[in-house]
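# Topology and contacts: notes
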Amino acid sequence: AADGGVPIFCQALPATDCRASIPIYERGRFISCIFMCGSKMEETDREAVATAVQRVAGMLQRPDQLDKVEQYRRREARKKASVEARLKAAIQSQLDGVRTGLSQLHNALNDVKDIQRSLADVNKDWRQSINTIENLKDVKDAVVQHSQLAAAVENLKNIFSVPEIVRETQDLIDQGQLLQAHRKLMDLEHSRDDLMYEQYRMDSKNTRDMNLIDCYFGDVQKLSEELAKQLWMVIQRALVTVRRDPTLLVSVVRIIDREEKIDRRMLDRNKQTGFIPPGRPKKWKEKMFNVLDRTVTTRIEGTQADTRESDKMWLVRHLEIIRKYVLDDLLVAKNLLDQCFPPHYEIFKNLLSMYHQALSARMQDLASEDLEANEIVSLLTWVLNTYQSEEMMGNPELAPEVDVNFLPPLVSQDVVDDLLNTYMSTLTTNIIGWLRKALETDKKDWLKENEPESDQDGYYQTTLPAIVFQMFEQNLQVATQISEDLKIKVLHLCLQQMSTFLIRYKDEAHLYKEEHLRNRQYHPCYVHYMVAIINNCQTFKESIVSLKKKYLTPVMEDIMASSHACIYAVLDDVAKEGCLSLLDEVFMDLEPHLNELMTRKWLAGSNAVDTICVTVEDYFHDFARIKKPYKKVFAELNLEYLRVQSCV
């Protein structure tokens, strides 16, 4: 409360303003609120007095503070004046906002009343104009009829000369003047479409008149189809035409682009009016890409000139022709064809996709055929390596439009896995057959009357190790061209079959020995070939080590060490048995002469010792051709053999 006891907000707001801004039916509530505020203010006054008493008591606790009473009074008066000034400013600001809000609400109420009156007037005028609109129906029909007549007058020249224009257009198409022919065709279609549109506007259900117009312009649709045939012929030979007559190709593309714009315009009008001319939309751009797609597919499929019956290398030739054709076509498309089409056609990108899809379909077809092992290798090498190499899609002249890192695979991984499984199965069968044939050939050599061949160091040997590992080497080289994983699988297969083969090799050597013992005259070079068999074991070992170094990493070599150890053990067994067979052969020859020693015959002058020496010397020359690793084994077995014989 101010000094006079009147609330501050009542001092700030004139009484007349308060009464004017409050409706009569709200004044009682307002007065009651004032009384409530008054009671609250009395309570606040009492609390303020109590607080003031406490503060004064705190200030005057000592006698010397009484001298400062006047100073305390002035200070509190200043504080009171400052607080009242801020309070008055805040109340005045709130009251100004309330006054402004009330004024705006009053103006809004007046505006709403004005709008209500205006809507009533509009409703009244609308009801009065209904009859007037119905009376204007005849005028509307006259306007539509006038529009139709105006369209007829505008197209009158074309209407009467339709047959003549059709003949001229056909002649232009036959002469290859496609742009001029298309211009006349557009004029004919424009006349027909305008007449049919006006008829549709007047009476959309009158199909008789619509059919009459369509029948009169019936040759126009035939001309459009004839022109389209000529366009598709040019598009089919686009890669050839762009080099010989690029102007013709550009004309065809311009015609297609015009038709695309007309299609869009007709479709927009169809959304607005529901009318669409016959034959629209033509979708010539879509049809153009379909023609290109069929052309690419035909070109890929037509590259197979031979069959397996006529040429064993048919697949290699087929894939090479595809590679050459695709690379040449894409280079032409990038350097020449792309310049004849609008940029938004993205002709090179679309052609690249078409070629990829056609190639993928062709590779799938080839993969589904009953391919031989070498054909599977050729196909996988082409699909996994050649396709993305610089010889094809990785060609620098195709960059940067073609990035091999983003090219999808030609065939799915499932197809690749199936081909690899088929290849491994076929290769397993082939290796078994090759090893069997090689061993049979080697066995025939054992029966020869001529000594086996010698290597550069003079050691006896047969061609078996060379044949076997040449076969392994060829298959590993082929597998390396396909993938690292296949190379490891093929090497593992070769060593696995090698282990099985050596067991059979051991058995055949043992049978060779038994057959010889049954008739020692039947195998004149038995000793020489047995030495060669022993030496073959060392050659096999050396070849295996060579394959490991060439095709295995140290890690893989450690993983496959156990299988190698098994092979080495079998080879050592074969060599050891061969050495024992040679020792048996020696002592079988020496046994009659050794039995003569220390007998009366020997004392009477037998030449048994000379015969023993000559025989041992003869065998020594043959055994000297055993390779060093097994020569030591032979010597150890010889000592053991003598020890056993002496005990006997």
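What you see is a predicted model, and the numbers here were worked out from it, not measured in a lab.

Take unusual backbone geometry next. Most peptide bonds adopt trans geometry, and most residues besides glycine take a negative phi value. In the segment running from arginine 280 into proline 281, the intervening peptide bond is cis, with an omega of -5°. Along the chain, proline 281 turns up in the loop between α12 (246-273) and α13 (284-301). The omega torsion of the bond from alanine 399 to proline 400 falls at 0°, within 30 degrees of zero and hence cis. Within the element layout of this structure, proline 400 appears in the loop between α16 (373-384) and α17 (413-446). Unusually for a residue other than glycine, lysine 283 sits at a positive phi of about 55°. Here lysine 283 lies in the loop between α12 and α13. In the Ramachandran plot, glutamate 346 falls in the positive-phi region, its phi being about 45° despite a non-glycine side chain. By the secondary structure assignment, glutamate 346 is in the loop between α14 (314-335) and α15 (347-368). Overall, glutamate 346 belongs to the partly exposed group, its relative accessible area being 42%.

Take α12 next. Owing to its 3.6 residues per turn, the α-helix aligns residues three or four sequence positions apart on the same side. Compared with an ideal rise of 1.5 Å per residue, which puts 28 residues at 40 Å, α12 spans 41 Å between its outermost C-alpha atoms and is within 8% of the ideal. Positioned one or two residues after α12, glycine 274 has a phi angle of 85°, which is positive.

Moving on, we come to the side chain of asparagine 475. Assignment of secondary structure puts asparagine 475 in helix α18 (residues 464-482). For asparagine 475, the contacting residues outside a window of four places in its chain are Tyr423, Leu427, Trp434 and Val490.

The next thing to look at is a nonpolar patch on the surface. Taken together, Val56, Leu60 and Leu66 make up a surface patch of nonpolar side chains, about 240 Å² in accessible area. Note on placement: leucine 60 falls in the loop between α3 (24-59) and α4 (69-135). Residue class for leucine 60 comes out partly exposed when judged on its relative accessible area of 32%.

Packing of α17 against α18 brings their axes to within 9 Å, and their N-to-C directions diverge by 165°. With respect to each other, α17 and α18 are oriented roughly antiparallel. Where α17 crosses over α18, the two elements pack in a sense that is right-handed. From α17, Tyr423, Leu427, Ile431, Trp434, Leu435, Ala438, Leu439 and Asp442 reach across to α18, where they touch Leu464, Ile467, Val468, Met471, Phe472, Asn475 and Val478.

Let's shift gears to helix α10 (residues 218-236). With 19 residues, α10 extends 28 Å between its outermost C-alpha atoms, agreeing within 8% with the 27 Å of an ideal straight helix rising 1.5 Å per residue. Val220, Leu223, Ser224, Leu227, Ala228, Leu231, Trp232, Val234 and Ile235 are the residues of α10 that are buried. Next to the buried residues of α10 lie α7 (162-175), α8 (178-202), α11 (238-244), α12 and α13.

Attention now goes to the confidence of the model for the protein chain. Of the residues in the protein chain, 80% reach a pLDDT of 70 or more, and the chain-wide mean stands at 80. The spread of mean pLDDT over the elements of the protein chain runs between helix α1 (residues 8-12), the lowest at 40, and α13, the highest at 93. In this model, residues 1-22 is a region of pLDDT below 50 whose contacts with residues beyond four sequence positions or in other chains number 21 contacts.

Under the definition given, this model contains 22 salt bridges. Between aspartate 485 and lysine 489 there is a salt bridge whose closest N-O contact spans 3.5 Å. In this pair, aspartate 485 and lysine 489 are both assigned in helix α19 (residues 484-518), 4 residues apart and thus about one turn of the helix distant. Aspartate 572 serves as the salt-bridge partner of lysine 541, at 2.6 Å between the closest nitrogen and oxygen. Of the two residues, lysine 541 is situated in helix α20 (residues 526-551) and aspartate 572 in helix α22 (residues 561-596); the sequence distance between them amounts to 31 residues. Lysine 541 sits in the buried class, given a relative accessible area of 19%. Looking at aspartate 572, the relative accessible area reads 32%, which means it is partly exposed.

Along the polypeptide, methionine 288 turns up in helix α13. Along the sequence, methionine 288 and leucine 231 sit 57 residues apart, while their C-alpha atoms lie 8.5 Å from each other. The residues touching methionine 288, leaving out its near neighbours within four places in the chain, are Trp232, Ile235, Ile256, Phe341 and Tyr345.

What follows is about the nonpolar core. Counting residues in hydrophobic clusters, the biggest one holds 137 residues, and the most contacted among them are Leu337, Met363, Leu379, Trp382, Phe472 and Phe540. Those residues in contact with leucine 337, other than ones at most four positions away along the chain, are Ala238, Leu239, Val242, Leu249, Val332, Ile347 and Leu351.

Negative charge collects at one region of the surface, where Glu301, Asp365, Glu369 and Asp370 lie side by side. With respect to the element layout, aspartate 370 can be found in the loop between α15 and α16. A residue is classified by how much of its surface remains accessible, and aspartate 370, at 69% relative accessible area, is exposed.

Glancing now at the packing of aromatic side chains. Across all of its chains, the model carries 13 aromatic pairs by this definition. Aromatic side chains tryptophan 232 and tryptophan 284 sit 6.1 Å apart centroid to centroid with 75° between the ring planes, which places their arrangement in the edge-to-face category. One end of the pair, tryptophan 232, is in helix α10; the other, tryptophan 284, is in helix α13, with 52 residues separating them in the sequence. When its relative accessible area of 14% is taken as the criterion, tryptophan 232 is described as buried. The class for tryptophan 284 is buried, based on a relative accessible area of 3%. Where phenylalanine 469 meets phenylalanine 540, the ring centres are 5.8 Å apart and the plane angle is 45°; that geometry is what we call tilted. With phenylalanine 469 in helix α18 and phenylalanine 540 in helix α20, this residue pair connects regions lying 71 residues apart in the sequence. As far as burial versus exposure is concerned, phenylalanine 469 and phenylalanine 540 are alike and both buried. If you follow lysine 282 out to its NZ or CZ, it ends over the ring of tryptophan 284, 4.7 Å from the centre. Directly above the ring of tyrosine 345 sits lysine 285, whose terminal nitrogen or CZ lies 4.5 Å from the centroid.

Rules of the game
- Sequence order sets the numbering: in each chain, residues are counted from 1 along the sequence as written.
- Thresholds applied to this predicted model are a pLDDT of at least 70 for local features of residues and 80 or more for the giving and counting of side-chain atom pairs; totals over whole chains, interfaces and linings are not thresholded and use all residues.
- For side-chain calculations, the full set of non-hydrogen atoms in the structure is used, while hydrogens and water are omitted.
- Put simply, DSSP H or I for four residues or longer makes a helix, DSSP E for two residues or longer makes a strand, and each gets a number counted from the N terminus.
- Here's how the labels work: a residue is buried when its accessible area is under 20% of the maximum for its type, exposed when over 50%, partly exposed in between, all with a 1.4 Å probe on protein chains only.
- The span you would expect from a helix comes to 1.5 Å times its residue count less one.
- In what follows, residue pairs with any heavy atoms lying within 4.5 Å of each other are defined as contacts.
- The patches reported here contain residues having more than 30% relative accessible area and no salt bridge. Joining distances are 9 Å for like charges and 5 Å for nonpolar side chains (Val, Leu, Ile, Met, Phe, Trp, Tyr).
- Residue exposure ignores everything except the shown protein chains as possible cover, and the areas themselves are Shrake-Rupley values with a 1.4 Å probe.
- Here, a salt bridge means any side-chain nitrogen of Lys or Arg that lies within 4 Å of a carboxyl oxygen of Asp or Glu.
- All axes here are fitted lines through C-alpha atoms, helices being fitted over the stretch that makes contact, and every angle between N-to-C directions spans 0 to 180 degrees.
- Reported orientations rely on four angle classes, namely roughly parallel under 35 degrees, roughly antiparallel over 145, roughly perpendicular from 65 to 115, and oblique for the rest.
- For any helix crossing, the convention is left-handed if the near helix is rotated counterclockwise from the far helix by under a right angle, and right-handed if that rotation is clockwise.
- pLDDT expresses how confident the predictor is about each individual residue, on a scale running from 0 to 100.
- We call a set of buried Ala, Val, Leu, Ile, Met, Phe, Trp, Tyr and Cys residues a nonpolar core when their side-chain atoms join them within 4.5 Å.
- Charged residues are defined here as Lys and Arg on the positive side and Asp and Glu on the negative side; His and the ends of the chain fall outside this count.
- By convention, the charge on Lys lies at NZ, on Arg at CZ, on Asp at CG and on Glu at CD.
- Stacked, tilted and edge-to-face pairs are distinguished by plane angle, under 30 degrees for stacked and over 60 for edge-to-face with tilted covering the rest, among Phe, Tyr and Trp rings (Trp via its six-membered ring) whose centres lie within 6.5 Å.
- Only lysine NZ and arginine CZ atoms are considered, and such an atom sits over a ring when it is within 6 Å of the ring centre and within 35 degrees of the ring normal.

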